[in-house]
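These are the residues of each chain, in order.
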Amino acid sequence: MAPSGRDVQLIPVSSPAMAAEASIGGRDSDIGAMEEVRLLDAYDDGNAADLSRIEEGGGSGGVRRIQVRVTGMTCAACSNSVEGALRSVNGVLQASVALLQNRADVVFDPDLVKEEDIKEAIEDAGFEAEILSEPMTKGKGTKAQATLVGQFTIGGMTCAACVNSVEGILRDLPGVKRAVVALATSLGEVEYDPTVISKDDIVNAIEDAGFEASLVQSSQQDNIVLRVDGIFNEFDAHILEGILARLNGVRQFRLDRISGELEVVFDPEVVTSRSLVDGIEGGSNGKFKLRVINPYERLTSKDTGEAANMFRLFITSLSLSIPLFFIQVVCPHIAVLDSLLVWRCGPFLMGDWMKWALVSVIQFVVGKRFYIGAGRALRNCSSNMDVLVALGTSASYFYSVAALLYGAVTGFWSPTYFETSAMLITFVLLGKYLEALAKGKTSDAIKKLVELTPATAILLVKGKGGKVEGEREIDALLIQPGDTLKVLPGTKIPADGVVIWGSSYVNESMVTGESVPVSKEVDSQVIGGTINLHGVLHIEATKVGSDTVLSQIISLVETAQMSKAPIQKFADYVASIFVPIVITLALFTLLGWLIGGAVGAYPEEWLPENGTYFVFSLMFAISVVVIACPCALGLATPTAVMVATGVGASNGVLIKGADALERAQKVKYVVFDKTGTLTQGKATVTTAKVFSDMDRGEFLTLVASAEASSEHPLAKAIVEYARHFHFFDESETDNKDSRVSGWLLDTSNFSALRRQGIRCFVNEKLVLVGNRKLMMENGIAIPDHVESFVVELEESAKTGILVGYGGELVGAIGVADRLKREAAVVVEGLLKMGIRPIMVTGDNWRTARAVAKEVGIEDVRAEVMPAGKADVIHSLQRDGSTVAMVGDGINDSPALVAADVGMAIGAGTDIAVEAADYVLMRNNLEDVITAIDLSRKTLRRIRLNYVFAMAYNVVAIPVAAGVFFPSLRVQLPPWAAGTCMALSSVSVVCSSLLLRRYKRPRLTTILEITVE
């Protein structure tokens, strides 16, 4: 079975833009609705006919509609600029841009303009553009053909030039929407239309370009790859094929009888993956045992296989090079062996025959990979390290062959340099082996995340009526939503779910970064991959496969590792011109020394024994060719990004892309939302004061009765406070019947008034609970002493709530949302880092100022609506400053999108907050500093890598060219130059690996951070 035909992990693909749109809810629903109205209304002015054609055709044929993500817009002028650029394109019928959503909707005629033309028009206007998956059309709701995302391993890439070559080939394929290739992981991610191009076509295109390729996983949801134990002969294989042919829902299958891998394409509507496995094992009466192959096993085996292959080649080359060393250095001092080597056999000495034979094997068998790599690079009109190695070793080898043949013909025997070619290939392979080992270490974070998922799970088998009849062990990858699973103490939770029986403490540190075990009881959410510490739990699986928190974390980390940081553009540019420049320098070196020798610019004593000016010059030229290293430049950024994103994930900080990682180190302003970000997000009543003859208990009962029907957090806090005051159990308040017939009073005509409070009737009297505006609009005067009390509450960072009953003001309640314990220290830490903290809130000015004063923030923006928060961000960006926004990812979505760096804090299991660039798993402000600090250290490491890579080439090339030979007699042999070249890449990767030692700042050390 060809490895290219294996679709393994089931990953649903959805439009990121649609997910972002869905994440903007709650208090921002009006804003989101206004944006959507603008997008849709744009089609109504004169294009109704075109719109109906889209609706009827599902977006295909005649007129099409696409969505484009536009990055870089900061204000209305930007969106107008994009709209103008799109409308100027011939064939674009209508274009509308949503600023807050960073999205453009474009209606166009596919006969006149293509998607790439639309993208280029936006980019020409100065913005970045990305074609998104086509949305479901309105009207009749015909869904556009969904694209698939395939992840491919690509072997044979050695530098950034190879990456550029493969990306260019993939993007030119018909049906390919997007293609990203990562050198550090040897992975490519391709989004393609399966109706236009298949995964096999993509693999073939990569292989035609001279690289190795195979599919790791795709988003196709009806494929599964299984490992089958129990196939020993042809008869067993026929039995398995017969079982599969009889199973309903199986469309096709392929069995690799050598590896025992079985790929099955099935209809998920007819048969599930677990019933498929059960059907095969049951049909064979237990003869066959099946296990689902985790796609990440292939990545691990690929890394291990690459390193093992390099080691095998290195050992082969070394074992052939050692005899060469003995022939060249040791044997001349041993009379018997020397006499054998100088024995003439035909036209050549026996020693020459032996060296020629040994080096030919090294050059063309062991070193074949360099010729293959050089050939595919030149075929694609590019160049890479393989070109340099092949050129240098070939020059040494073929000169030595020519010298032997010339000596046989003329009798003039020049020295040969066979050992130069052999040692050069040997040391380059040693460097590539060490590089493969080091690169494998950079992906340790993903490997550790994958290892968190247990291999098996205990499934509770239920009979009729839902009664548990037994239990069985199943493959964890076969868990289905709704399954009831048993989790024993000390074992890992196999899937995301809800506790339906039992209680325990769960260690979630490996996923969320929170070190304190979390108590779990009935109805508690649990995360797959976390460890159950004490009691037995029964959980109902709610999310499995790619929907689990752990899978989404892995997906986010992978996406970030595959993305390119803007700083990498420099390396890509240098890589595109590096090899031609080096070859040119080598030619100048050859000609310079050759002409210098011909005109007598240096004495003949400098020449080697029996050497010529040409040989002397050629050795310098070969050293120049092989010492130059474009790989170090190409690895400087991606390896550091890989390690940083992995380190971030292990600390509960998920980074969504290399560009976000780079932007965070330039942050000048950090804008905090107040509620739920600086504060704990849980309101508590601190004060209740009565201004009438009503006693305190009667007053609290009245207010609690009015607020019991409200879902507002402040209302829940008031009811909770009143319940505790009356010493009632929580269970009593959870039952509506007991609430009505118990301690709460009957209410009628309840209504919630936006930004004012609530109103209802109790004992046929009007009850008002809310702010000053609510009281004044209903004709209730606020006495001076009450106003003074409320002002005092607000100045102490509390919210004052007034209560009116029967047309009179009867009391006031103070509600506080306590600050997080680390808030003040984090704010001070940001100031120490040279970052200015700002607080934006919809609360009143007095409360806002009081909270800001308590945490140490001087710049406060109060009474700001959610849409206004984005305006605050834009105002700070006007001078070119980089602005970070820290919010909860729900009502702060417009501001998170508008900010240069959006950080969603306290996301917990909701890690797919589309509007954010960073997702902070813990509800802890320390992670804001961790994110910025990690970004700064990563960019510092990348710059250091670039300095080393550039300095290496700047210093090494002149030394190899012999610039210092006249004065210092320093000459670098080609084999030594090759060793330096190989080790330069290893040193850059090892430099990036130092980021693995990163430790996030603690509260005790945050204040020690200073601007560097």
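Below is a summary of the structure that appears in this document. The model shown is predicted, which means the values in this text are computed figures rather than measured ones. (Residues numbered from 1 in each chain as written. Predicted model: local features only at pLDDT ≥ 70, side-chain atom pairs only at ≥ 80, totals over all residues. Heavy atoms only, no water.)

Looking only at helices and strands, the protein chain features 37 helices and 36 strands. When each of the 1012 residues of the protein chain is scored for burial, the buried share is 55%. Sequence-distant contacts, at least 24 apart, represent 70% of the contacts inside the protein chain between residues at least 6 apart. When the accessible surface of the protein chain is summed, it comes to about 43200 Å², and 56% of that surface belongs to carbon and sulfur atoms. (Helix = DSSP H or I, 4+ residues; strand = E, 2+ residues; numbered from the N terminus. Buried < 20%, exposed > 50% of the residue type's maximum accessible area, 1.4 Å probe, protein only. Contact = heavy atoms within 4.5 Å. Areas by Shrake-Rupley, 256 points an atom, 1.4 Å probe, with all protein chains shown as cover.)

We now examine the sheet that holds strand β21 (residues 525–526). Across the sheet, 6 strands lie side by side as β16-β15-β17-β23-β18-β21; this open sheet has antiparallel pairing. Of all the strands in the sheet, just β16 (468–475) and β21 have a single pairing partner and so form its edges. Pairing of strand β15 (residues 456–462) with strand β17 (residues 484–487), which is carried by 2 bridges, proceeds in the antiparallel orientation. Residue isoleucine 458 lies in a different strand from β17, and its bridge partner there is lysine 486. (Pairing = 2+ DSSP bridges.)

Here the focus is the packing of aromatic side chains. Taken as a whole and assessed by the stated rule, the structure comprises 22 aromatic pairs. Both rings, one in tyrosine 397 and one in phenylalanine 418, keep their centres 5.9 Å apart while their planes meet at 65 degrees; by these two values the pair is edge-to-face. Here the residue tyrosine 397 occupies a position in helix α14 (residues 385–410), and phenylalanine 418 occupies one in helix α15 (residues 418–442), the gap between them amounting to 21 residues. Exposure class is identical for tyrosine 397 and phenylalanine 418. Each is buried. Where tyrosine 602 meets phenylalanine 616, the ring centres are 5.6 Å apart and the plane angle is 45 degrees; that geometry is what we call tilted. (Phe/Tyr/Trp six-rings, centres within 6.5 Å; stacked < 30°, edge-to-face > 60°.)

With that settled, consider the side chain of glutamine 665. By the secondary structure assignment, glutamine 665 is in the loop between α22 (658–664) and β25 (667–673). At 3.2 Å, the side chain of glutamine 665 and the backbone oxygen of glutamate 662 are in polar contact. Only 3.4 Å separates the side chain of glutamine 665 from the side chain of arginine 943, close enough to count as a polar contact. In this structure, glutamine 665 is in contact with Ser935, Arg936, Leu939 and Arg943, ignoring residues within four places of it in sequence. (Polar contact = N/O pair within 3.5 Å; in protein donor to acceptor, adjacent residues only side chain to side chain.)

A separate point is helix α7 (residues 199–208). Taken residue by residue, α7 has Lys199, Ile202, Val203, Ala205 and Ile206 as its buried positions. The buried residues of α7 occupy an angular sector of 160 degrees when projected down its axis, which confines them to one face. Just downstream of α7, glycine 210 is the residue with a positive phi angle, here 100 degrees. (Arc of directions from axis to C-beta.)

A large share of strand β32 (residues 836–840) lies buried, amounting to 4 of its 5 residues. Bridge count between β25 and β32: 5 bridges; the pairing is parallel. Of the residues in β32, the one forming a bridge with phenylalanine 672 is methionine 839. For β32 and strand β33 (residues 859–861), the ladder comprises 3 bridges, and the chain directions are parallel.

In terms of nonpolar packing, the biggest core is built from 152 residues, with Val670 and Tyr918 touching the most fellow members. With 14 residues, helix α34 (residues 926–960) is the single largest residue contributor to this core. Beyond its immediate sequence surroundings of up to four residues, valine 670 is in contact with Leu830, Ile835, Arg836, Pro837, Ile838, Ala884, Val886, Val928 and Ile932. One finds Ala717, Val719, Val769 and Val815 within the second-largest nonpolar core, a separate group that totals 28 residues. (Core = buried A, V, L, I, M, F, W, Y, C linked by side-chain atoms within 4.5 Å.)

Moving on to helix α31 (residues 845–855). Turning to α31, its buried residues are Thr847, Ala848, Ala850, Val851, Ala852 and Val855. Here the buried face of α31 lies against α23 (674–678), α29 (784–795), β31 (808–819), α30 (823–832), β32 and β33. A positive backbone phi angle near 95 degrees is found at glycine 856, which sits one or two residues after α31.

Before going further, it helps to examine the pattern of salt bridges. In this structure the tally under the stated criterion is 23 salt bridges. With its nearest N and O atoms 3.1 Å apart, the salt bridge here joins arginine 846 to glutamate 794. Of this pair, arginine 846 sits in helix α31 while glutamate 794 sits in helix α29, and the two are 52 residues apart along the sequence. Accessibility expressed as a relative area gives 34% for arginine 846, which makes it partly exposed. A salt bridge links aspartate 859 to arginine 861; the shortest N-O distance between them is 2.9 Å. Take aspartate 859: its relative accessible area is 12%, and that puts it in the buried class. We classify arginine 861 as partly exposed; its relative accessible area is 24%. (Salt bridge = Lys/Arg side-chain N within 4 Å of Asp/Glu carboxyl O.)

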